[in-house]
Amino acid sequence: MIRYIISIVLTALLSFVAGLYLPWWGIALAAFVVGVIIPQRPFYSFMSGFIGVFLLWEILAWWIDSKNDGILSQKIAQVLPLGGSTVLLILITSLIGALVAGCAALAASFVRWRVREAEEVDN
Amino acid sequence: MRIIPLLISTLITVALIILLSMQWGKVPPIGKFLSPQHGFWQNADPIDKNFDESVKLPDLAGKAEIYFDDRLVPHVFASTDEDAYFAQGYLHAKFRLWQMEFQVYAAAGRLSELIGRKALNYDREKRRLGMVYAAEIAAKEIENDPTSKRECDAYTAGVNAYIANLKESELPVEYKLLNYKPEKWSNLKTALFLKAMCYDLAGSENDFERTNAKTVFGFEDYEKMFPAAQDSVDPIIPKGTVYPPAALSVKQPASADSLYFDIKDSSEIVPQKPKKDNGSNNWVVSGKKTKSGAPILCNDPHLGLNLPSLWYEMQINTPSMNVYGATFPGGPGVIIGFNDSCAFGLTNGGRDVMDYYEIKFRDETMKEYWFNGAWKAADFRYEHILIKGEPEMIDTVAYTVFGPVMFDKKFSGMQRRTNGNYYALRWKGHDPSNEFLFFNKMDHAKNYDDYYAAIHYLHTPGQNCLFACKNGDIAIWTQGEFPAKWKRQGEFIMPGTDSSYMWQGMIPQQENPHLINPERGFLSSANQVPADPSAYPYYLGGDFPPYRGIIINRYLNKWSNLTPKDMFTLQIENYNVFAEMARPVLMKNIDMNSLAEDERSYFDTLANWELHNDPELRAPTLFVVFWDTFNKVVWDDEFSKTKLPLVYPYASTLLEAILKDSAYKFLDNINTPAKETLRDDVTLAFKKAVAICKLADADGRMQWGKYKGTKINHLARLAPFSRTDLNVGGGTNCINATKEDHGPSWRMVVELTPKTDAYGVYPGGQSGNPGSPYYDSFIDTWAAGKYYPLWVMEKDDVKDKKVKYHMSLMGYTTNTRP
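Residues numbered from 1 in each chain as written. Chains lettered and ligands numbered in written order. Predicted model: local features only at pLDDT ≥ 70, side-chain atom pairs only at ≥ 80, totals over all residues.

Undergrad: Break down the overall build of chain B for me, citing the residues and quoting the values.
TA: Scanning chain B from N- to C-terminus turns up 22 helices and 29 strands. For chain B, whose C-alpha radius of gyration is 28 Å, the value lies close to the compact-globule estimate of 28 Å for 818 residues. For chain B, the spread of C-alpha atoms along the principal axes amounts to about 95 × 70 × 60 Å. Of all intrachain contacts in chain B linking residues separated by at least 6 positions in sequence, the fraction that spans at least 24 positions is 71%. (Helix = DSSP H or I, 4+ residues; strand = E, 2+ residues; numbered from the N terminus. Rg over C-alpha atoms; globule rule 2.2 N^0.38 Å. Contact = placed C-beta atoms within 7 Å.)

Undergrad: Could you give me a rundown of the packing of helix α4 (residues 71-79) of chain A against helix α5 (residues 86-109) of chain A, with the residues and numbers involved?
TA: Residue and element names in this part refer to chain A. It is at 9 Å that the axes of α4 and α5 come closest, and there the two elements cross at 80°. Between α4 and α5, the interaxial angle falls into the category roughly perpendicular. Facing α4, whose interface residues are Ser73, Gln74, Ile76 and Ala77, α5 presents Thr86, Leu88 and Leu89. (Axes fitted to C-alpha atoms, helices over the stretch in contact; angles between N-to-C directions. Parallel < 35°, antiparallel > 145°, perpendicular 65-115°, else oblique.)

Undergrad: Break down the sheet that holds strand β6 (residues 306-307) of chain B for me, with residues and values.
TA: Residue and element names in this part refer to chain B. Here three strands make up an open sheet; going across it, the order is β6-β23-β24 and the pairing mixed. The open sheet has two edge strands with one neighbour each: β6 and β24 (723-726). Sheet topology places strand β23 (residues 710-714) next to β24; two bridges connect them, and they run antiparallel. Counted as the bridge partner of Thr710 is Leu726 from β24. (Pairing = 2+ DSSP bridges.)

Undergrad: Which residues make up the interface of chain B and chain A, and what are the values?
TA: Much of the literature gives interface size as the accessible area that the parts lose upon coming together. The partner chain A presents 35 residues to the 33 residues of chain B that form the contact. Broken down by secondary-structure element, the contributors of at least two residues to the side of chain B that touches chain A are α1 (3-20) and α2 (30-34) of chain B. Top contributing element to the side of chain B that touches chain A by residue count: α1(B), with nine residues. For the side of chain B that touches chain A, the residue count by class is 21 nonpolar, nine polar and three charged. (Nonpolar A, V, L, I, M, F, W, Y, C, P; charged D, E, K, R; others polar.)

Undergrad: Which residues make up the confidence of the model for chain A, and what are the values?
TA: On average, chain A scores 90 in pLDDT, and the residues at 70 or more come to 91%. Within chain A, the lowest mean pLDDT, 52, falls on helix α6 (residues 115-122) of chain A, and the highest, 96, falls on α4(A). (pLDDT = per-residue confidence, 0-100.)

Undergrad: Hey, could you go over the nonpolar core for me, with residue numbers and the actual values?
TA: All names here are of chain B. Within the largest apolar cluster, 217 residues are counted, with the highest numbers of intra-cluster contacts made by Ala87, Val284, Ala424, Phe467 and Phe626. It is helix α3 (residues 81-107) that provides the largest number of residues to this core, a total of 16 residues. Residues within four places of Phe626 in sequence aside, it is in contact with Leu586, Ala685, Phe686 and Ala689. (Core = buried A, V, L, I, M, F, W, Y, C linked by C-beta atoms within 7 Å. Buried ≥ 20, exposed ≤ 12 C-beta atoms within 10 Å, placed from the backbone.)

Right, here's the structure in full:
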């Protein structure tokens, strides 16, 4: 459980740093690296990447939006078109990032010698 | 390692990233676009964003200190003009980069690069119009003048300094949505922007439609529909002014009757046209009509209203000038504004400087054309049009002594069939001129002589240049380089087989209509005819809207002891002088006995109206619908005789016709055996109008403000980035000429007291970023007819409370660079 939580937090942190220096898909690298450093079973690895970036993007988008009084998100939520729903826009933002990071973390979970090794670590 | 699951899941991840980095039709690359650290979220400025900044820029020679006030208007202080223009370029780019570039893409016929094939016809027309050709000529003029070169080079360097430091996350949101990146700026792009304005203001013609009208109706009837002059005119230079005889005499070609006026030619081509509403008001009252004793100058240019706005407000202070006003993101200098000594404003001159000639080519290769009795070789220009997702198209355009062959067998305009003829364009905008020098000299002007020297550099578009000085001088010149034409020259397509129909010369500048310090104590222009056509020695054309000028002059004649506040009242005046003249003749001719009860109640609405186009009233809607319907009732039967493109005669023509002649020929509906009278037409139109108004009433949108529905569209027509349903009055023929998406684009009132007292507002905001609170922050003030005081900052005001942010631009050489 601790390993799971640490993975999530680390994914979020590393993804944030990657966002400062790399293109948007830096989150995939971050999630992959965390997945390799902290091996977990595929499902848990996926969920760590997924939740890590979901939380990061959710918090960032929400934070930016609240500082902006929703001026831009309301407009973009019509351009895209999401019926002007900022909540939906933030949710989709987070889900897209989460999906990419989750897949990358899933891939990372297979970078190991044996299945048993992973099971041992998980237990 | 579990190779297969690893490969599969890695592949899925990579594929996902690729898919989310691609554009799908109108959907931007969604991963990049939604990333909070890269995408549109980065454009959501905190509403209390701090614009304090200190930037080191290698290409800046000296430095510039920029102070933003609470409306985000920058006050630029620099020790040389070049540093100031550099800062102006930097600021334009920082706040308006996407707009600047998009406008230039549109001007240069490059929209296909951004949105693909659907813009191809638009692009081809711009290329064939010679927009890039014209801009290249203008850029050469800039290069040849040391002042302009220094100015434009500095401006371009400023724009590029901003672009060079721009991170991907900081790209304006439109780039992210349309998925492209800014190019470097250049003096050619500055020239392209200038030519876009030139086209907007001096690209108005109806030559094909007028040719069709002449052919369908015959020249005699044509003269009734499109008279060369109007009855009710109050020219810019008042009637009674005596003009010396023309220095340049123009002769109508001997063949004109047979080859021009009576020839039956026609064309189905409808070129793209700038809005014919492009016009403006300006006026100035001398000290003897003001409370303070100082002149007050006012200007409100009527242009297409867009977001981001065409205008960007700023102050530029250097040792050689201290100028405040509206600037064009896209070029250096202040365009409409004031400095420490004087104020200046512009309205459009509206003269026809765009004509077409029919060319006879030897064959379809267009290599040779018949001119002055011999075959003459054409030049060719190859226009490379890049198309998104497709190979480029090379459009070959032949150039003749007249200009580019805009329409030929390969191109007939926007989805129109061609008649197989070749039409070359003669446009004054192609001629060499350097209007930036005009703006530069105006910004530096200290007195009338400086102003007079400055306006010489304004060739096209011709403008009514209004001027006032703190020493009390006021002046107006209808300035521009205008071709001297014989009567109705260029109104129809002209024969292009010899030189006899070419423009014979330009009207000498000193013969342009002008007036200095008039006895009546004021000067004004509102796009009406500049001089009394019966007294002015050159032909002026007949395309001038008369009404705003009449009402402005009526008020200014009557009023005295004026203050800036009175000027606000006048600029936002909704009185409809056209309705004042039209309503009596219309109401007199409604057959009351034939009206049903509900129609009578609409009649009462019209009768009780006090002639103001105020937004909450229903009567202005009724009047406008009534007149439009009447116009259609009168003309549509004649117009339905042909499928050729035509334009309606002006409202002033129809009104003047029914005022003097109740048996005006066109009142009869030619499709009925009976002979309809004015009474029949007016009554029918009224009943039709009431039917339309009843629907509007049922929908709750009969109030004029709602019916008109003023809106300010985003330049790329992105509805969520636009502002719609503004409840604004006024309209065509009102001083407050606010139409649906067109109107006063910058309202300015300047009182030239020792310490200048100035006010202004434009329907936009200083930031071009739809994610900034400054994007549309002026719109509600503008819509309410209110103004902001314009603060002229002094060097010592650095600590003033009005300064909200401070930005320093520093060149490397002036600072720490070893």
